[in-house]
Amino acid sequence: MGDKVSDDCRFNTRLLHSRASKGYGQREILPPIAQVTAFQYENMEELEKVFAHKSMGYAYTRIGNPTMSAFEQKINEMEGGAGAICCSSGMSAISAALLAVCNSGDEIITGSGLYGGTIDLFHDLEKLGIHTIFTENMTAGNIKSLITDKTKVIFGELISNPAQKVLDIPEVSKVAHEAGIPLFVDSTTATPFIARPLELGADVVIHSTSKYINGGGNSIGGIIVDGGKFAWDFEKHEALKEFKKYSKLAFSVRLRTDLWENLGCCMAPFNAYLSFIGLDTLGLRMERICRNADALAKALDKIPDIKVNYLTLPSHPYHEYVEKELGGLGGGILNFRAGSKERAFKIINLLKYALIASNIGDLRTLVIHPASTLYIRSTEGEMEAAGVYADTIRVSVGIEDSDDLIRDFTNAIEESIRGTVL
Ligand code: PLP
């Protein structure tokens, strides 16, 4: 099909008319769901060529599948990458990406305010001899002081969940690159609608697509996007040495033909389809979600005994990054402190529209008490660094009408005072 999409079109136009959205076999508007395990060939010679990477084609869904490819191409285009690989979950994407560049004895530098599951993963990697060094704030200065010869990657979340700290990608990537180290960014909570980490200086972007990318709360998934610009030093990054001939694409090639394939963490074709159609409305949803979150945060901030953590509030310690890095938006997650665990539970139970659920990025507003769920295995120090206290409520704001959300939350907060000891 003719390629009519111009490079200067805006987000939603690009999303719907991306090159990745053109030219399926039977002129379908959406990618067909190739819900198969294997692909058949006319003769053995053809299949041999596919296995030897001498001709394009699919052999077995764990190694590649056209529905997965359509989703990969679309995200790759939205992030401005050189190639993308979709995975069974956000956690498998983070695991595969880190294992592709770290051997036993290597070190990772990261921030302590990350998603709890990722912190748990760093503890698992410790058992494999991969050591993680945590810094409370991922400033360029803090990171510089922690880099050693063993450091192989710096990992951060652009907007950390739930801490709401913003990674200064331009500054941190500068320090990383001076030391020959790549910067991997989990951009799940920001999405390419809010920021494109590769353009800001990151080398690899990772998403849990289970969240805003899918948006409908109907499938788990993850994706790794390689910027393809990092100049790997194969003496330093021994994990990639075997892939030296692929130069700047060594990371992607190792993942695709080695680690990702052998870990068996591919995305299911049906989930790739659901994520693809979810992604189509990312711009619309994010615009509305960010507007709702901003309005709700500002309304809750007026209630005297409630402490709100949301980036667009002028008092927020990372407020300057809203304009500097996030296109004026604060994302879809806000936290607030209710004064006590008892009152936090009461407020959550009184809400009419917010669902009590362990997820973010859904169309529907979701709430949770992180200390007794997501951080149940974390130390008090780890929780504090993530901005999680006994009285914290995390809200993943949805696309409902903001007046209804504000009324629901303010009513629940007022009502919760009755009989509660603060
Ligand atoms: N990264 C972030 C920022 C998350 O919030 C989550 C899940 O909440 C993950 C990664 C893990 O994603 P998944 O649940 O798809 O494995």
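The present account deals with the structure reproduced in this document. (Residues numbered from 1 in each chain as written. Predicted model: local features only at pLDDT ≥ 70, side-chain atom pairs only at ≥ 80, totals over all residues. Heavy atoms only, no water.)

## Re the pattern of salt bridges
Operational definition: Whenever Lys or Arg places a side-chain nitrogen within 4 Å of a carboxyl oxygen from Asp or Glu, that contact is recorded as a salt bridge. Comment: elements are numbered from the N terminus, with helices defined as DSSP H or I runs of at least four residues and strands as E runs of at least two. Throughout, exposure labels follow a simple rule: accessible area from a 1.4 Å probe, protein chains only, divided by the maximum for the residue type, with under 20% read as buried, over 50% as exposed, and the rest as partly exposed.
The full count for this structure, using the stated rule, is 15 salt bridges. Residue R254 pairs with D258 through a salt bridge whose shortest N-O separation is 2.8 Å. With a gap of four residues between them, R254 and D258 both fall in helix α10 (residues 250–263), about one helical turn apart. The class of R254 is buried, set by a relative accessible area of 12%. The partner of D401 in a salt bridge is R288, and the shortest N-O contact between them spans 3.0 Å. You can see D401 sitting in the loop between β12 (392–396) and α16 (402–416) and its partner R288 sitting in helix α12 (residues 282–301), a full 113 residues away along the chain. Taking relative accessible area as the criterion, D401 reaches 46% and is therefore assigned partly exposed.

## Overview of the environment of T118
Spelled out, the test is: By the convention used here, residues are in contact when the closest approach between their heavy atoms is within 4.5 Å.
Structurally, the position occupied by T118 is in helix α5 (residues 116–127). When the C-alpha positions of T118 and M91 are compared, they lie 7.1 Å apart, and in sequence the two are 27 residues distant. What T118 contacts, discounting residues up to four positions off in sequence, is M91, I94, F155 and E157.

## Section: the site of the ligand
To keep things clear, this is the line we draw: Whether a residue is near a molecule or strand depends on its heavy atoms: if one lies within 4 Å, it is near. Throughout this description, a polar contact denotes any pair of N or O atoms lying within 3.5 Å of each other; where both atoms belong to protein, one of them has to be capable of donating a hydrogen while the other can accept it, and for residues adjacent in sequence the pair is counted only when both atoms sit in side chains. Surface exposure here means Shrake-Rupley accessible area, sampled with a 1.4 Å probe, where a residue is shielded only by the protein chains that are shown. When residues are sorted by character, Ala, Val, Leu, Ile, Met, Phe, Trp, Tyr, Cys and Pro go into the nonpolar class, Asp, Glu, Lys and Arg into the charged class, and all the rest, Gly among them, into the polar class.
Near the ligand you find 14 residues, and of these M91, N161, D186, S208 and S210 are the closest. The side chain of N161 places a nitrogen or oxygen atom 2.8 Å from an oxygen atom of the ligand. Relative to its unbound accessible surface of 390 Å², the ligand loses 92% to contact with the protein. A per-class count over the shell around the ligand returns four nonpolar, seven polar and three charged.

## Describing α10
Test applied: Bend is the name given here to the angle between axes fitted to two runs of seven residues, the run ending at a residue and the run starting at it.
Remark: the principal bend of α10, roughly 45 degrees, maps to R256. The buried count for α10 comes to 10 of 14 residues, which makes it a mostly enclosed element. Restricting attention to buried positions, one finds in α10 the residues A250, F251, S252, V253, R254, L255, D258, L259, W260 and E261. On its buried side, α10 packs onto α3 (66–79), β1 (83–87), α4 (90–101), β5 (183–186), β6 (204–208) and β7 (222–226). In the stretch just after α10, G264 is the one whose phi turns positive, near 70 degrees.

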